[in-house]
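Notes for the structure review
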Amino acid sequence: MDHTFGNSVMSTTGHFSDTPIPRYLQVAVVMRRRIARGTWPQGHRLPSLEILKDEFGVARVTMRQAMDLLTRDGLVSPQQGRGTFVTGRPQDDRWLRVVTSLDDLSRMYRDTDPQVVNIDESTTPPALQPGEGTPAERYVFMRRVHSRDGRPYCVISIYLDERIFRRSPRRFRDETVIPILTSMKSVHIARAHQVLTIGTADMDVARQIGVPVNAPVAEVRRVFCDDAGRVIYLAEVTYRGDAIHLEMDLMP
């Protein structure tokens, strides 16, 4: 059972903040990260329970619960009279690469072939921000969950120009939108822009993608405009924090 939720939620004082996430899970997240990064390598003997509880500023019972969790997941092994040793490494599930071009984005959605579950559809117009473009006359709004291997990894709200939607409504309902858009000869995306920020999951998002409330998430706002500067596609995407991998080439 994987309880990795991304970054820890420790406050600047070194102690854990008050969140709905049980404190022993917060401790386990930090310990997992130390094992994953090699700070505690294979065969390493962990500090004693007393030292760890003082370091994390938690009760002894909380520390023991965190240790029991890591033991059940095969990451550590207590040995009577000798201490607790690292015996495994967390599986790296950060498979979703954040891409920085429209071609790569379209290719990513084609290659991952997510399972799409529509959970809402209406004609709600988007709230555009300054500089994003001018609105189309009407939009079709779709809210959906994308999954991979039966595991939800993002919830997405899509606003699509209704004129474009009506050209292939069945495909837009059943498939990921971006590969369809980029393959339509009658649609020209003149400008594509996205912004990624780090946030926390609210109750609705947490329920949709299976993470705790306040767990770290990546939030992406994505806008496509046509030649006239009209917003033909706007998406607000919330990804699980433990699925995201961001890698960028930094040129000197």
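Only a predicted model underlies this, so the values are computations on that prediction, with no experimental measurement involved.

**Describing the side chain of Asp226**
Mapped onto the elements of the fold, Asp226 is located in the loop between strand E9 (216-225) and strand E10 (230-240). Setting aside chain neighbours within four positions, we find Asp226 in contact with His188, Ala190 and Ile232.

**Overview of helix H1 (residues 23-37)**
In a regular helix each residue adds 1.5 Å, so 15 residues correspond to 21 Å; H1 covers 22 Å between its end C-alpha atoms and thus fits that length. Buried within H1 are the following residues: Leu25, Gln26, Val27, Ala28, Val29, Val30, Met31, Arg32, Arg34 and Ile35. On its buried face, H1 sits against helix H2 (49-56), helix H3 (60-72), strand E1 (76-79) and strand E2 (83-86). Two residues or fewer after H1 comes Gly38, characterised by a positive phi angle close to 85°.

**Re the nonpolar core**
Counting 29 residues, the largest nonpolar core has Leu160, Phe172, Leu181, Tyr233 and Tyr239 as its most contacted members. Of all the elements in the fold, those that place two or more residues in this core are helix H4 (102-112), strand E6 (139-148), strand E7 (151-161), helix H5 (162-165), helix H7 (177-183), E9 and E10. Among residues more than four places away in sequence, those in contact with Phe172 are Met142, Arg144, Leu160, Ile164, Phe165, Val177, Ile180, Leu181 and Met184.

The rules behind the values
- Residues numbered from 1 in each chain as written.
- Predicted model: local features only at pLDDT ≥ 70, side-chain atom pairs only at ≥ 80, totals over all residues.
- Heavy atoms only, no water.
- Helix = DSSP H or I, 4+ residues; strand = E, 2+ residues; numbered from the N terminus.
- Contact = heavy atoms within 4.5 Å.
- Expected span 1.5 Å × (residues − 1).
- Buried < 20%, exposed > 50% of the residue type's maximum accessible area, 1.4 Å probe, protein only.
- Core = buried A, V, L, I, M, F, W, Y, C linked by side-chain atoms within 4.5 Å.

Geometry only, nothing functional implied.
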